[in-house]
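Here's the letter readout for the chains.
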Amino acid sequence: MAEPNTLNELRDLMQIGFGRRFPRHGLKLLYWFANNCVDFDDNNMMRWKNDRARGRFGFHLFINRTEDNDERLLPVLNHGYNYYEVGNLCRPGAEYLPYYVWAEFNDDLDGDQSNMERIIFSVVDERIDRVYVTEHINESNFNREATFEISSGLIAIIKELTLEEFLEQIDD
C-alpha cells in the first residue's frame with residue numbers, strides 16, 4: 001500500500017480541493033482541529049490537547065479496516081497507537097463543534113455533500129503522530145485518491161492564521 005502524499009504548505013492544500021466545494025466543511029474542520037486540538041511541545045512535537053475519551057465533538061476510534069479493494073486506507077500502526085476520526089456531523093457530540101464548521105450542513109439531502117470530509121489522526125501517549133484529511137467515496141468507504149497527510153509544519157502555519165485569513169489564502 002502506498003502512503004498518502006504529504007501536504008506541507010498552504011499551496012499544497014489549495015491544489016487538492018479538500019473542503020473547497022460548497023457546501024463542504026473540511027477546511028473549516030481542519031482549521032478548528034489545528035487551533036483547538038493541537039499544541040506543540042518544546043521539541044516541536046504535536047500534542048493532543050483534548051479529552052477524546054468522552055466523545056465530545058464526535059471524536060471516535062477509527063478502524064483502519066480492509067476496504068473493498070483489499071487495502072487499508074492508512075498505514076498499519078505500531079502497537080499502542082490508535083487512529084481517531086472527527087468530522088461526521090451526524091455523530092453524537094458533533095453538535096459541540098463551532099457553528100462555522102457545520103453551518104452549511106444539511107442532513108435532509110440524499111447523498112449529502114456537506115458531510116463527506118473527515119480528519120483522521122494517530123495518537124500515542126497524548127502525542128499526535130500523524131494527521132490525515134480524507135473524504136468518503138460512498139457511505140462506507142473513503143476515497144484513497146483524496147486522502148492526504150497533513151504535516152506538522154502545515155498545522156503550525158494554520159495555527160498562525162485567523163479563520164478568515166486561512167480561507168482567503170486557500171481561495172487565492
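Quick note: structure is the one above.
In short, a report on the structure. Not measured: the values here are computed from a predicted model.

### Overview of the overall build of the chain
Part 1 of the reasoning: Secondary structure assignment for the chain yields five helices and eight strands.
Part 2 of the reasoning: Starting at the N terminus, the α and β elements of the chain follow one another as β-α-α-β-β-β-β-α-β-β-β-α-α.
Part 3 of the reasoning: The globule rule puts the C-alpha radius of gyration for 172 residues at 16 Å, and the 15 Å found for the chain is close to it.
Part 4 of the reasoning: For the chain, the C-alpha atoms occupy an extent of roughly 40 × 40 × 35 Å along the three principal directions.
Part 5 of the reasoning: Out of the 172 residues in the chain, the part that is buried amounts to 48%.
Part 6 of the reasoning: When the 18 basic and 32 acidic side-chain charges of the chain are each reduced to a single mean position, those positions are 4 Å apart.

### Remarks on helix α4 (residues 152-159)
Part 1 of the reasoning: If you check which residues of α4 are buried, you get Leu-154, Ile-155 and Ile-158. Buried residues of α4, viewed axially, fall in a sector of 105°; they line one side.

### Some points on the side chain of His-25
Part 1 of the reasoning: Tracing the chain through its elements places His-25 in the loop between α1 (10-16) and α2 (26-36).
Part 2 of the reasoning: The exposure class assigned to His-25 is buried, which follows from its relative accessible area of 1%.
Part 3 of the reasoning: A polar side-chain atom of His-25 sits 2.9 Å from the main-chain carbonyl oxygen of Gly-87.
Part 4 of the reasoning: Residues contacting His-25, with those up to four places away along its chain left out, are Gly-87, Leu-89, Val-101, Ser-114, Asn-115, Met-116, Glu-117 and Arg-118.

### Focus: the nonpolar core
Part 1 of the reasoning: One finds Trp-32, Phe-33, Phe-121 and Phe-166 to be the most contacted residues of the largest nonpolar core, which totals 38 residues.
Part 2 of the reasoning: Sorting elements by how many residues they give to this core places α2 first, with seven residues.

### A look at the environment of Glu-9
Part 1 of the reasoning: Considering the arrangement of structural elements, one finds Glu-9 in the loop between β1 (6-7) and α1.
Part 2 of the reasoning: The exposure class of Glu-9 is partly exposed, given its relative accessible area of 32%.
Part 3 of the reasoning: Sequence-wise, Glu-9 and Asp-39 are 30 residues apart; in three dimensions their C-alpha atoms are separated by 18 Å.
Part 4 of the reasoning: Contacts of Glu-9, omitting those with residues within four sequence positions, involve Leu-154 and Ile-157.

### Let's talk about unusual backbone geometry
Part 1 of the reasoning: Look at Asp-125: it is not a glycine, yet its phi comes out positive at around 50°.
Part 2 of the reasoning: Relative to the helices and strands, Asp-125 is located in the loop between β6 (117-124) and β7 (127-135).

### Some thoughts on the packing of α2 against helix α5 (residues 163-171)
Part 1 of the reasoning: At a minimum axis distance of 11 Å, the contact between α2 and α5 shows a crossing angle of 135°. One finds that α2 runs oblique with respect to α5. Two packed elements cross with a definite hand, and for α2 against α5 that hand is right-handed. Facing α2, whose interface residues are Leu-27, Lys-28, Leu-30 and Tyr-31, α5 presents Leu-163, Phe-166, Leu-167 and Ile-170.
Part 2 of the reasoning: For the contact of α2 with α5, the residue count by class is seven nonpolar, no polar and one charged.

Calculation notes
Residues numbered from 1 in each chain as written. Predicted model: local features only at pLDDT ≥ 70, side-chain atom pairs only at ≥ 80, totals over all residues. Heavy atoms only, no water. Helix = DSSP H or I, 4+ residues; strand = E, 2+ residues; numbered from the N terminus. Rg over C-alpha atoms; globule rule 2.2 N^0.38 Å. Buried < 20%, exposed > 50% of the residue type's maximum accessible area, 1.4 Å probe, protein only. Lys, Arg positive; Asp, Glu negative; His and termini not counted. Charge placed at Lys NZ, Arg CZ, Asp CG, Glu CD. Arc of directions from axis to C-beta. Polar contact = N/O pair within 3.5 Å; in protein donor to acceptor, adjacent residues only side chain to side chain. Contact = heavy atoms within 4.5 Å. Core = buried A, V, L, I, M, F, W, Y, C linked by side-chain atoms within 4.5 Å. Axes fitted to C-alpha atoms, helices over the stretch in contact; angles between N-to-C directions. Parallel < 35°, antiparallel > 145°, perpendicular 65-115°, else oblique. Left-handed = near helix turned anticlockwise from the far one by under 90°. Nonpolar A, V, L, I, M, F, W, Y, C, P; charged D, E, K, R; others polar.

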